[in-house]
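Breakdown of the fold
Chain by chain, the residues:
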Amino acid sequence: MTSDITGELTGQLAALLAAAFWAVATVLYHRAGSHFSPLQMNLVKGVVATPLLLTMSLLLGNSLELSSGLWLLALSGIIGITIGDSCHFAALRRLGPWHAMLLEYLAPPLAAFMAWVFLSDGLSTIEITGAVITLSGVLWVVTEKAPDKQPALSLSGIFFGCGAALCQATGLVMAFAVLMQSRVNAIDAAFVRLAAGSFLLAIIVGLSKRGAYNAIIKQVRSINPLPLLGAIVFGTFLAIWLQQISIANINPGLTQTLLSTAPLFLIPISLLKKQRITPRSITGALISLGGVNILFL
């Protein structure tokens, strides 16, 4: 009983910490994003973070063995990273950050539903209550009218946004199934998912146009690499590792709910940058905090 409680607490804390790291990474990615296309940015983060995960795995004395579980993890990486992230970036361009972010919150209920249907792993009444309150607070924040003019809604943008949420949820549930049925640890699972997704992405980018890799290298050399490197370390290396730790201990729907609190961590970051915080943002953050507290009961 004590080990179960400890595992749940570990999973919840890992997801919240991953959300905080992703919030930091979002700010850093924004600084570097104007120099790269979405596919280029996606590939650069994979090329840098994949060796970091492999190195950490080796330092911890882990050893991967070929099994059907690893192939399922690789497929989950392709769905969640190669396809899912590409859909998210496409939605971001067509809808703007606010509406694209809103569609991301389809992922938690989708992940919970798929875990229940395919893995018979449902949420308790308390967990459902906490998840609903947490998401309500986040949605209250992200649906606030954006300070600048956003692109008009488009059917293609909505399609890509829904596709991103579906791929994200599917990838998490697939990884959850492997972690529940095999001895693969969290960091190895993160490495396999990111390596598989990045490998396919590298093929796609290479075939997209001649000299694509040289263009990326030239862009990297022309900018200050520290913000981009920081974004990759926090948002990809650490966040994906923590995400896998979370789904190894709790339901993927609950993990996705806690990951969705990432926008709330932008509030203290904005305060540090002396930016204005609206009462609605503070209210939404407090509502979500109440939902998270319920999840920790």
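Residues numbered from 1 in each chain as written. Predicted model: local features only at pLDDT ≥ 70, side-chain atom pairs only at ≥ 80, totals over all residues. Heavy atoms only, no water.

1. Structural notes on the overall build of the protein
Each helix and strand counted, the protein has twelve helices and zero strands in total. When contacts within the protein are restricted to residue pairs at least 6 apart in sequence, long-range pairs at least 24 apart make up 90% of them. Accessible area for the protein stands at about 15100 Å²; split by element, carbon and sulfur atoms hold 69% of it. (Helix = DSSP H or I, 4+ residues; strand = E, 2+ residues; numbered from the N terminus. Contact = heavy atoms within 4.5 Å. Areas by Shrake-Rupley, 256 points an atom, 1.4 Å probe, with all protein chains shown as cover.)

2. Notes on helix H4 (residues 107-119)
In this model, H4 (13 residues) spans 17 Å end to end at C-alpha, consistent with the 18 Å of a helix rising 1.5 Å per residue. Within the span of H4, buried status applies to Ala-107, Pro-108, Ala-111, Ala-112, Met-114 and Ala-115. For H4, the angular spread of the buried residues around the axis is 165 degrees, confining them to a single face. Downstream of H4 by a residue or two, Ser-120 has a phi angle that is positive, lying close to 55 degrees. (Expected span 1.5 Å × (residues − 1). Buried < 20%, exposed > 50% of the residue type's maximum accessible area, 1.4 Å probe, protein only. Arc of directions from axis to C-beta.)

3. Observations concerning the pattern of salt bridges
Counted by the stated rule, this structure contains one salt bridge. Put simply, Lys-45 and Asp-85 hold a salt bridge, and the shortest N to O gap is 3.0 Å. Of the two residues, Lys-45 sits in helix H2 (residues 38-59) while Asp-85 sits in helix H3 (residues 68-104), which places them 40 residues apart along the sequence. (Salt bridge = Lys/Arg side-chain N within 4 Å of Asp/Glu carboxyl O.)

4. Observations regarding the confidence of the model for the protein
Averaged over every residue, the pLDDT of the protein is 82; residues scoring 70 or more account for 88%. Per-element mean pLDDT across the protein ranges from 76 in helix H11 (residues 262-272) up to 91 in helix H7 (residues 186-208). (pLDDT = per-residue confidence, 0-100.)

5. Here's the deal with the state of the cysteines
Per the stated rule, a full pass over the model turns up zero disulfides. The thiol sulfur of Cys-167 is not disulfide-bonded, and the nearest other cysteine sulfur, from Cys-87, lies at 5.1 Å. Classification of Cys-167 by relative accessible area gives buried; the value is 12%. (Disulfide = S-S within 2.5 Å.)

6. Structural notes on the packing of aromatic side chains
Applying the stated criterion to the full structure yields four aromatic pairs. Taking the centre distance of 6.0 Å and the plane angle of 45 degrees together, the rings of Phe-237 and Trp-241 count as tilted. With a gap of four residues between them, Phe-237 and Trp-241 both fall in helix H9 (residues 225-247), about one helical turn apart. Judged by relative accessible area, Phe-237 falls into the buried class, the value being 9%. The ring of Trp-140 is capped by Arg-280, whose NZ or CZ atom sits 4.0 Å from the centre of that ring. (Phe/Tyr/Trp six-rings, centres within 6.5 Å; stacked < 30°, edge-to-face > 60°. Lys NZ or Arg CZ within 6 Å of the ring centre and 35° of its normal.)

7. Observations concerning the environment of Ala-215
Among the secondary structure elements, Ala-215 is positioned in helix H8 (residues 212-221). Classification of Ala-215 by relative accessible area gives partly exposed; the value is 26%. Distance from Ala-215 to Gln-40, taken between C-alpha atoms, is 9.4 Å for residues 175 residues apart in sequence.

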